[in-house]
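Residues per chain, in single letters:
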Amino acid sequence: MLQIEPIDAMADFLPGVRSHHERYDGKGYPDGMAGDDIPLFGRIIAVADAFDAMTSDRPYRNGMSHEKALTILEEGKGTQWDPYFAGLFIDEWRRQHHLQKPSK
């Protein structure tokens, strides 16, 4: 993480970056943290990163539908992801996308 500049401006975010692959149930990495021991930003980034990873096309596979990714997030609340932040993400995503008018 020494390559991140300016280090003083980013210092508050680095624990979240480091910990966004931790799992809420403690089975993640790099430190095996669980629950509220995972830094706040790490718990938030984990949800957003997972949704982006699941829905984005990759050279080796197509991204899945948004609804399928939301279902996976729902199923992983409390085990893989912080249930509060996963729930907020799911609810807000659905609220925003159901309010949008269909494109013509």
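Residues numbered from 1 in each chain as written. Predicted model: local features only at pLDDT ≥ 70, side-chain atom pairs only at ≥ 80, totals over all residues. Heavy atoms only, no water.

Caption draft 1: Just the layout of surface pockets, in detail. Considered as a void within the structure, the largest pocket measures approximately 200 Å³ in volume. Residue lining of the largest pocket: 14 residues in total, with His20, His21, Ala50, Gln80 and Trp81 positioned closest to the centre. Top contributing element to the lining of the largest pocket by residue count: helix H3 (residues 40–55), with 5 residues. (1 Å grid on protein atoms, 1.4 Å probe; cavity = no way out; pocket = protein on both sides within 12 Å on 5 of 7 lines; lining within 4 Å. Points joined across faces, edges and corners; volume = space filled by probe spheres on them. Helix = DSSP H or I, 4+ residues; strand = E, 2+ residues; numbered from the N terminus.)

Caption draft 2: Main features of the packing of aromatic side chains. Overall, the coordinates contain 4 aromatic pairs when judged by the stated rule. Judged by centre distance (5.8 Å) and plane angle (55 degrees), the ring pair of Phe51 and Trp93 falls under tilted. Residue Phe51 is found in helix H3, and its partner Trp93 is found in helix H5 (residues 83–99); the two are separated by 42 residues along the sequence. (Phe/Tyr/Trp six-rings, centres within 6.5 Å; stacked < 30°, edge-to-face > 60°.)

Caption draft 3: Quick look at the confidence of the model for the protein. Overall, the prediction assigns the protein a mean pLDDT of 91, with 89% of residues at 70 or greater. Considering each helix and strand of the protein separately, the mean pLDDT is smallest for helix H1 (residues 7–10), with a value of 78, and largest for H3, with 97. (pLDDT = per-residue confidence, 0-100.)

Caption draft 4: Broad picture of the packing of H3 against helix H4 (residues 66–75). In the contact formed by H3 and H4, the axes pass within 9 Å of each other and the chain directions differ by 140 degrees. Relative to H4, the element H3 is oriented oblique. Where H3 crosses over H4, the two elements pack in a sense that is right-handed. Side by side, H3 and H4 meet where Val47, Ala50, Phe51, Met54 and Thr55 of the first sit next to His66, Ala69, Leu70, Ile72 and Leu73 of the second. A per-class count over the contact of H3 with H4 returns 8 nonpolar, 2 polar and no charged. (Axes fitted to C-alpha atoms, helices over the stretch in contact; angles between N-to-C directions. Parallel < 35°, antiparallel > 145°, perpendicular 65-115°, else oblique. Left-handed = near helix turned anticlockwise from the far one by under 90°. Contact = heavy atoms within 4.5 Å. Nonpolar A, V, L, I, M, F, W, Y, C, P; charged D, E, K, R; others polar.)

Caption draft 5: Highlighting empty space enclosed by the protein. Under the definition given, this model contains 1 cavity of 30 Å³ or more. There is about 50 Å³ of room inside the largest cavity. In terms of residue class, the lining of the largest cavity is made up of 4 nonpolar, 3 polar and 4 charged.

Caption draft 6: Quick look at the side chain of Asp82. Checked against the element boundaries, Asp82 lands in the loop between H4 and H5. Look at Asp82 and you get buried, because its relative accessible area is 5%. Here the side chain of Asp82 touches Arg43 through a polar contact of 2.9 Å, side chain to side chain. Sequence-distant contacts of Asp82, that is, excluding residues within four places in its chain, are made with Tyr24, Asp36 and Arg43. (Buried < 20%, exposed > 50% of the residue type's maximum accessible area, 1.4 Å probe, protein only. Polar contact = N/O pair within 3.5 Å; in protein donor to acceptor, adjacent residues only side chain to side chain.)

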